[in-house]
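A look at the structure
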Amino acid sequence: MRAVVALSMNPRGEDAAREATSQIRDALGDAPVSGALCWVSPEHADNLSRLLPALCLGLGTRVLAGCVSAGVTIGGREVMDGPALGLMAFTEANVEARLLHDLYAEPEHAAREALHGVGPQDLVVLMPTASTFKATPFLEYVASEHPRARVIGGGAANPDGDDLVFTGHGLSQDGLAALVIRDCAPEVRLTQSCRPLARGHLITRCEGADVLELDGKPALQVLAALLAAREDGDDGPLLAGHAGPGDRVGAEGLFVRPFMGLDRARAAVRLSQPAQ
């Protein structure tokens, strides 16, 4: 099996599909595409009805699983602001694409269908609509019925509209797109993109996205103390993680937001979105 990637930042959906698939064809030469994964930015969400046929035509197959995502990272490049279409295409592989609907109402059914016939030598890539994904019953079913399955994936989240997943045969606002790669003997690893720098702090005063106080102290003072306490060599970017209300499926967790600026006059820090 061989995999190649492509990225287009063309704002026109059909043109982006043609550009990305042309890059794939150039990389593979005469080798046919067995299947592909696709990520598109929110700018392309309203144009999927025209983008998908162009994508399948350029790839030469409908064996495709994809989603609308907040950002697109392909081949060492990350696009978080503006139109983007990323592709990962496979050749010399046995690949299947599956699209399941009614994910919110029937998570166990979606898990059963997504992993039907899957063995320990197969890799399953899952893209569920994040707003309707009940992770606990889904993953409990996978662990119980397919304990040796090799499953990876991430929730499809569109910050500008409905979450959308798709295959070469359709799309869903409440579903799961899956790509099954047979007999590739995968090794699966998990790493965390962020680690806690300190214990949690209570936001005791804020105005929209401006956090004025943490634990009753000026927010900028607390942030400065955290930075001063970092270990030598720990100079990576700093993000804010704040607890939000339960989402529509009852899940709770941390919302990670970038720091957008400092207000020294008010000793405040500004997040990318209002604190909840």
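This one's a predicted model, so the numbers in the text were calculated from it and none came from an experiment.

Conventions and cut-offs
- Residues numbered from 1 in each chain as written.
- Predicted model: local features only at pLDDT ≥ 70, side-chain atom pairs only at ≥ 80, totals over all residues.
- Heavy atoms only, no water.
- Helix = DSSP H or I, 4+ residues; strand = E, 2+ residues; numbered from the N terminus.
- Buried < 20%, exposed > 50% of the residue type's maximum accessible area, 1.4 Å probe, protein only.
- Contact = heavy atoms within 4.5 Å.
- Areas by Shrake-Rupley, 256 points an atom, 1.4 Å probe, with all protein chains shown as cover.
- Pairing = 2+ DSSP bridges.
- Axes fitted to C-alpha atoms, helices over the stretch in contact; angles between N-to-C directions.
- Polar contact = N/O pair within 3.5 Å; in protein donor to acceptor, adjacent residues only side chain to side chain.
- Salt bridge = Lys/Arg side-chain N within 4 Å of Asp/Glu carboxyl O.
- Phe/Tyr/Trp six-rings, centres within 6.5 Å; stacked < 30°, edge-to-face > 60°.
- Lys NZ or Arg CZ within 6 Å of the ring centre and 35° of its normal.
- Core = buried A, V, L, I, M, F, W, Y, C linked by side-chain atoms within 4.5 Å.
- Patch = residues over 30% accessible without salt bridge, like charges linked within 9 Å, V, L, I, M, F, W, Y side chains within 5 Å.
- Lys, Arg positive; Asp, Glu negative; His and termini not counted.
- Charge placed at Lys NZ, Arg CZ, Asp CG, Glu CD.
- Parallel < 35°, antiparallel > 145°, perpendicular 65-115°, else oblique.
- Left-handed = near helix turned anticlockwise from the far one by under 90°.
- Nonpolar A, V, L, I, M, F, W, Y, C, P; charged D, E, K, R; others polar.

Each helix and strand in the chain was counted, giving five helices and 18 strands. Here the chain, with 276 residues, has 41% of them falling under the buried criterion. Expressed as a percentage of contacts within the chain between residues at least 6 apart in sequence, the contacts between residues at least 24 apart total 74%. Taken as a whole, the chain presents about 14800 Å² of accessible surface, with 50% of it coming from carbon and sulfur.

This part covers the sheet that holds strand 7 (residues 94-101). If you walk across this open sheet you meet the four strands as 7-12-8-9, and the pairing is mixed. The sheet is open, and its two edges are formed by strand 7 and strand 9 (150-153), each paired on a single side. Direction aside, neighbouring strands of the sheet carry axes that sit 20° apart on average. For strand 8 (residues 123-128) and strand 9, the ladder comprises four bridges, and the chain directions are parallel.

On to the side chain of Asn-158. Examined against the element boundaries, Asn-158 turns out to sit in the loop between strand 9 and strand 10 (165-167). Within the local environment of Asn-158, its side chain forms a polar contact with the backbone nitrogen of Asp-160, the two atoms lying 3.0 Å apart. Residues contacting Asn-158, with those up to four places away along its chain left out, are Pro-42, Ala-45, Val-68 and Asp-163.

Our next topic: the pattern of salt bridges. One pass over the structure, following the stated rule, counts 11 salt bridges. With its nearest N and O atoms 2.9 Å apart, the salt bridge here joins Arg-98 to Glu-96. For Arg-98, a relative accessible area of 14% translates into the label buried. For Asp-122, the salt bridge is made with Arg-182, and the minimal N-O distance between the two is 2.9 Å. Of this pair, Asp-122 sits in the loop between helix 3 (107-114) and strand 8 while Arg-182 sits in strand 12 (residues 175-182), placing them 60 residues apart in sequence. Per residue, the accessibility class of Asp-122 equals that of Arg-182, and both read buried. Here the salt bridges do not stand alone but share partners, grouping Arg-205, Glu-207, Asp-210, Asp-263, Arg-266 and Arg-270 into one network.

Quick look at the packing of aromatic side chains now. One pass over the full model with this rule turns up one aromatic pair. Taking 5.2 Å as the distance between ring centres and 70° as the angle between the ring planes, the aromatic pair formed by Phe-133 and Phe-138 counts as edge-to-face. The lysine or arginine in question, Lys-134, covers the ring of Tyr-104, its NZ or CZ lying 4.3 Å from the ring centre.

In this section: the nonpolar core. Core analysis: the biggest nonpolar cluster contains 27 residues, and Ile-24, Leu-55, Leu-64, Leu-85 and Leu-87 have the highest contact counts within it. When contributions to this core are tallied by element, the ones reaching two or more residues are strand 1 (2-8), helix 1 (13-28), strand 2 (35-40), helix 2 (48-59), strand 3 (64-68) and strand 6 (85-91). The leading source of residues in this core is helix 2, at seven residues. When residues no more than four places from it in sequence are discounted, the contact partners of Leu-85 are Ala-6, Leu-7, Ser-8, Ala-16, Ala-17, Ala-20, Cys-38, Trp-39, Val-40, Leu-51, Leu-55 and Val-72.

Together, Asp-102, Glu-106, Glu-108 and Glu-140 line one region of the surface with negative charge. You can see Glu-140 is positioned in helix 4 (residues 135-145). By relative accessible area, Glu-140 is classed as exposed at 53%.

Here we take up the packing of helix 1 against helix 2. Viewed as axis vectors pointing N to C, helix 1 and helix 2 meet at an angle of 20°, and their least axial separation amounts to 8 Å. Relative to helix 2, the element helix 1 lies roughly parallel. Helix-helix and strand crossings are classified by hand; for helix 1 and helix 2 the assignment is right-handed. Residues Gly-13, Glu-14, Ala-17, Thr-21, Ile-24 and Arg-25 of helix 1 lie in contact with helix 2, whose contacting residues are Arg-50, Leu-51, Ala-54, Leu-55, Gly-58 and Leu-59. Partitioned by chemical class, the residues of the contact of helix 1 with helix 2 number six nonpolar, three polar and three charged.

Where strands meet in a sheet, backbone hydrogen bonds hold them as pairs that are either parallel or antiparallel. One open sheet holds the six strands; their spatial order is 1-6-2-3-10-11, and the pairing between them is mixed. Each of the sheet's edge strands pairs with one partner strand only, and the pair in question is strand 1 and strand 11 (170-172). Adjacent strand axes in the sheet meet at a mean angle of 15°, parallel and antiparallel pairs treated alike. The pairing of strand 1 with strand 6 spans seven bridges and is antiparallel. Within strand 6, the position partnered with Val-4 by the bridge is Ala-89. Against the sheet, helix 2 contacts strand 2, strand 3, strand 6, strand 10 and strand 11, and its axis sits at roughly 145° relative to strand 3.

So yeah, pure geometry; function would need other evidence.
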